[in-house]
Amino acid sequence: MKIFEYTELLKNLTLRDLRLRYRNTGLGFLWSLVQPLTMFFVYYAVFGVLLTDKFGMGGTTYPFLLIIGLFAFNFFSGGVTKSTPSIVQAGGLLKQVAFPRIVLPLASVLAEAVHFLMMLAILILACLLKWWPDHGSGLELLPLFYLPVILLLHLMITLGVGLLLSTMNVFYRDTEQLANTFMTVLFFGTPVLYAPPTLEKFQSLAFLNERSAEIIHQIYYLNPMTHVIKGYRDVLLDLSSPDPGSLAMAFGLGLVLLVWGYCVFMKSESRFAEEI
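Description of the structure in this document. (Residues numbered from 1 in each chain as written. Predicted model: local features only at pLDDT ≥ 70, side-chain atom pairs only at ≥ 80, totals over all residues. Heavy atoms only, no water.)

1. Quick look at the nonpolar core
Here's step 1: Grouped together as the largest cluster of nonpolar side chains are 48 residues, with contacts concentrated most on Phe 73, Phe 76, Phe 116, Leu 144, Val 228, Tyr 232 and Leu 236.
Here's step 2: Listing elements by their share of this core, those giving two or more residues are α4 (61-83), α7 (103-131), α8 (147-171), α9 (175-188), α12 (224-238) and α13 (244-268).
Here's step 3: Here the element with the most residues in this core is α4; it accounts for 13 residues.
Here's step 4: Setting aside chain neighbours within four positions, we find Leu 236 in contact with Ile 68, Leu 120, Leu 123, Ile 124, Cys 127, Trp 131, Leu 144 and Leu 147.
Here's step 5: One finds Ala 90, Leu 94, Phe 99 and Val 109 within the second-largest nonpolar core, a separate group that totals 17 residues. (Core = buried A, V, L, I, M, F, W, Y, C linked by side-chain atoms within 4.5 Å. Buried < 20%, exposed > 50% of the residue type's maximum accessible area, 1.4 Å probe, protein only. Helix = DSSP H or I, 4+ residues; strand = E, 2+ residues; numbered from the N terminus. Contact = heavy atoms within 4.5 Å.)

Okay, here's the thing in structure tokens:
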């Protein structure tokens, strides 16, 4: 693939996105640590201390569940919304320089990935400090080695959607606004604030019959981020191996999105300059 000949350009574009985020700030790149640390302590204080009885989550379990879901979804949402306008924003560059256009949305996703890795490092450290007294054996920490696999699936899904929407945005400029709106809706349709509901939970809803509950349950689990967030929680919250079926579902859905996004992007790439 030609993209491997442009790794230096990809690196520079990724660093440019990171620099722009923290340009003219006193702490600069350190904000990538300060922000997730602040979020962690705020959620821990509010949901782990002040509202413990209300949520009934056994003290500090819920804030960890919430923070893992938020950090994971924020990476997906940020990667998609940043990559969607990446081609249009680089319109002048497209007309002057020949390079693989796929580098632009890929750089946006990688910049978000760097930010997420900072958050993930904080989560790993916090979870280890919490669970270490009960899991002192090094062997019990082996599930942590599943994190690179889950992260790879996370990247596949984010890049696949980003490629698809960045292509659509070249031809339909409303796509960027629709993507932002869609992310808001998807946030509540993804188990970020709650654990994934079971089929019995859907069946308990008075306005759904048994067949409707099964259909909605199946549709709900077609959301690949449901499986990614569940994987992170299995590893970080329970120190257990992720559910193989859930990982397989995430891989299948992620592969479909990545191949679909890549094919649509490559088919349309030659028209980008004239459309912009």
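2. Quick word on the packing of α4 against α12
Here's step 1: Contact geometry for α4 and α12: axes closest at 10 Å, N-to-C directions at 135°. What the angle tells us is that α4 and α12 run oblique. In this structure, α4 crosses over α12, and the sense of that crossing is right-handed. In contact with Thr 61, Phe 64, Leu 65, Leu 66, Ile 68, Gly 69, Ala 72, Phe 73 and Phe 76 of α4, α12 contributes Met 225, Ile 229, Tyr 232, Arg 233, Leu 236 and Leu 237. (Axes fitted to C-alpha atoms, helices over the stretch in contact; angles between N-to-C directions. Parallel < 35°, antiparallel > 145°, perpendicular 65-115°, else oblique. Left-handed = near helix turned anticlockwise from the far one by under 90°.)

3. A word on unusual backbone geometry
Here's step 1: Positioned with a positive phi, Leu 239 is a non-glycine residue whose angle comes to about 50°.
Here's step 2: Tracing the backbone shows Leu 239 in the loop between α12 and α13.
Here's step 3: The class for Leu 239 is buried, based on a relative accessible area of 11%.

4. Looking at the side chain of Thr 190
Here's step 1: In this fold, Thr 190 is placed in the loop between α9 and α10 (199-203).
Here's step 2: Here Asn 223 takes part through its side chain, which lies 2.7 Å from a polar atom of the side chain of Thr 190. (Polar contact = N/O pair within 3.5 Å; in protein donor to acceptor, adjacent residues only side chain to side chain.)

5. A look at the packing of aromatic side chains
Here's step 1: Taken as a whole and assessed by the stated rule, the structure comprises 8 aromatic pairs.
Here's step 2: Relative to Phe 187, the ring of Phe 73 has its centre 5.5 Å away and its plane inclined at 75°; by these criteria the two rings are edge-to-face. Here Phe 187 lies in helix α9 and Phe 73 lies in helix α4, a separation of 114 residues in the sequence. Taken as a pair, Phe 73 and Phe 187 share a single burial class, namely buried.
Here's step 3: Between Phe 171 and Phe 272, the aromatic rings sit 6.4 Å apart at their centres with planes inclined by 55°, giving tilted as the arrangement. Of this pair, Phe 171 sits in helix α8 while Phe 272 sits in helix α14 (residues 272-275), placing them 101 residues apart in sequence. (Phe/Tyr/Trp six-rings, centres within 6.5 Å; stacked < 30°, edge-to-face > 60°.)

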